[in-house]
Amino acid sequence: MDRKRAPDSQQDGGPRKEARSGTILKMLCPYYSAGAIIGDQGKEIKTIKDDLGVAIQVSKKDVRFPKTDERVVTFQGDCETLKKAIKHVQDLIRNDKPPPSAKNVDVDANEKRKRALKLVVADTSAGRIIGKGGENIKALKEKYTVVVNTSKKGDVTPGLDERVVSVEGDDDEVDRCVTEIVENICNDDKAKMLWRVDYNNLDSGYDDQGYSSRSHYDGYGGGYDRPGYDRSGYDRPGYDRSGYDRSGYDRPGYDRSGYGGYSSSPYGRYGRR
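Keep in mind it's a predicted model, so treat the numbers as computed, not measured.

Chemist: Whenever I open this one, the nonpolar core confuses me. Can you help?
Modeler: Generally speaking, nonpolar side chains in soluble globular proteins are found buried as a group. Judged by nonpolar contacts, the single largest core of 38 residues is most densely connected at Met 27, Phe 75, Ile 86, Leu 119, Val 167 and Ile 181. Top contributing element to this core by residue count: helix α7 (residues 171-186), with seven residues. Dropping the residues within four chain positions of it, Ile 86 is found in contact with Leu 25, Met 27, Phe 75, Leu 117, Leu 119, Val 178 and Val 182. Ranked by size, the runner-up nonpolar core spans 16 residues in total, among them Ile 24, Ala 55, Ala 122 and Leu 202.

This is how it looks when you write it as structure tokens:
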């Protein structure tokens, strides 16, 4: 039976003044899986926050990470908490089925997407993961029998100091590899990620709290550190304004799964060459 979902705008619900601390880390999720992460009436995202003790937010339904058709899940917490939260969300993605209204989702591409966990990391962290001459990323691939790709620095959208690291393979191997990557990121003292980024208006700039000077995020949609909910309200049906007709995976300009990197494996189409 398909998971019962709440309107996709329901992405937060905590007190404005709740203190956040620890490392900020992000991951991508297919836009049609955001409802599984948020849950019916926001219950799932609240459970993640309460049970794991992690701050979490999901980007608004019309916001996609640049050059993808995927939404951004942002976490903040200590290293052990981050590892548990990321695995939990990835398991939700793996077990999710696109809703009937997502008519244009490529079934085969969706199944392949579930094999990949996509982290969004600071540029300095991406360098640590890759290593000199790609030696670190090569070691990860051999150790865990996975495909690891990173977005190329030259492909990063101007004004955004974030890159994508995609790990693909069998679930257990992916989880083990990502655990090591998260530990590496937590030890990166130079990494600085913003809790709130207006991915749709990167040219507008944002301050040290992550607020764009022209951002439509101001005052709403911010996750468990801010009050209230999306101004679009809970009573609006559906998850995406487009009515799930934006699968993105068969449209020009969208990468089905990966972002460049060093892989020459059979999964090579997962990354740009």
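Chemist: Could you clarify how one ought to interpret the environment of Leu 92 in this entry?
Modeler: Along the polypeptide, Leu 92 turns up in helix α3 (residues 79-95). In sequence terms Leu 92 and Ala 36 are 56 residues apart; their C-alpha atoms lie 6.5 Å from each other.

Chemist: Help me understand the pairing of strand β5 (residues 147-150), please; the structure alone is not making it clear to me.
Modeler: Within a regular beta strand, the side chains point alternately toward one face of the sheet and then the other, so they alternate between its two faces. Neither face of β5 is open: one carries Val 147 and Asn 149, the other Val 148 and Thr 150, and all of them are buried. As paired elements, β5 and strand β6 (residues 162-168) share four bridges and run antiparallel to each other. Of the residues in β6, the one forming a bridge with Val 147 is Glu 168.

Chemist: Whenever I open this one, the packing of helix α2 (residues 43-52) against α3 confuses me. Can you help?
Modeler: Each pair of packed helices gets described by two things: the angle between the helix axes and the distance between those axes. Packing of α2 against α3 leaves a shortest axis separation of 11 Å and a crossing angle of 155°. Taken together, the axis directions place α2 and α3 in an arrangement best described as roughly antiparallel. In the crossing of α2 with α3, the sense of the turn from one axis to the other is right-handed. Here α2 contributes Glu 44, Ile 48 and Leu 52 to the contact with α3, which in turn contributes Thr 81, Lys 84, Ala 85, His 88, Val 89 and Leu 92.

Chemist: Got a minute to help me understand unusual backbone geometry in this structure?
Modeler: In most cases, non-glycine residues show a negative phi, while peptide bonds are predominantly trans. Of note in this structure, Gln 41 is not a glycine but carries a positive phi near 55°. The phi angle at Thr 145 is positive, at roughly 55°, despite the residue not being glycine. If you trace the backbone, Thr 145 turns up in the loop between α6 (135-144) and β5. The exposed category is assigned to Thr 145, whose relative accessible area is 61%.

Chemist: Help me out: how do you make sense of the packing of aromatic side chains in this one?
Modeler: Ring pairs (aromatic) are described by centroid distance and by the angle formed between their planes. This model, assessed by the stated rule, comprises two aromatic pairs. Between Tyr 31 and Tyr 32, the ring centres sit 5.2 Å apart and the planes meet at 75°, which makes this aromatic pair edge-to-face. By relative accessible area, Tyr 31 is classed as buried at 1%. Seen from their ring centres, Phe 65 and Tyr 199 are 5.5 Å apart, and the 50° between their planes marks the pair as tilted. With a gap of 134 residues between them, Phe 65 in the loop between β2 (55-58) and β3 (70-77) and Tyr 199 in the segment after α7 connect regions that are remote in the sequence. On the accessibility criterion, Phe 65 (5% relative accessible area) is buried. Note on Tyr 199: relative accessible area 7%, which makes it buried.

Cut-offs used in this document
Residues numbered from 1 in each chain as written. Predicted model: local features only at pLDDT ≥ 70, side-chain atom pairs only at ≥ 80, totals over all residues. Heavy atoms only, no water. Core = buried A, V, L, I, M, F, W, Y, C linked by side-chain atoms within 4.5 Å. Buried < 20%, exposed > 50% of the residue type's maximum accessible area, 1.4 Å probe, protein only. Helix = DSSP H or I, 4+ residues; strand = E, 2+ residues; numbered from the N terminus. Contact = heavy atoms within 4.5 Å. Pairing = 2+ DSSP bridges. Axes fitted to C-alpha atoms, helices over the stretch in contact; angles between N-to-C directions. Parallel < 35°, antiparallel > 145°, perpendicular 65-115°, else oblique. Left-handed = near helix turned anticlockwise from the far one by under 90°. Phe/Tyr/Trp six-rings, centres within 6.5 Å; stacked < 30°, edge-to-face > 60°.

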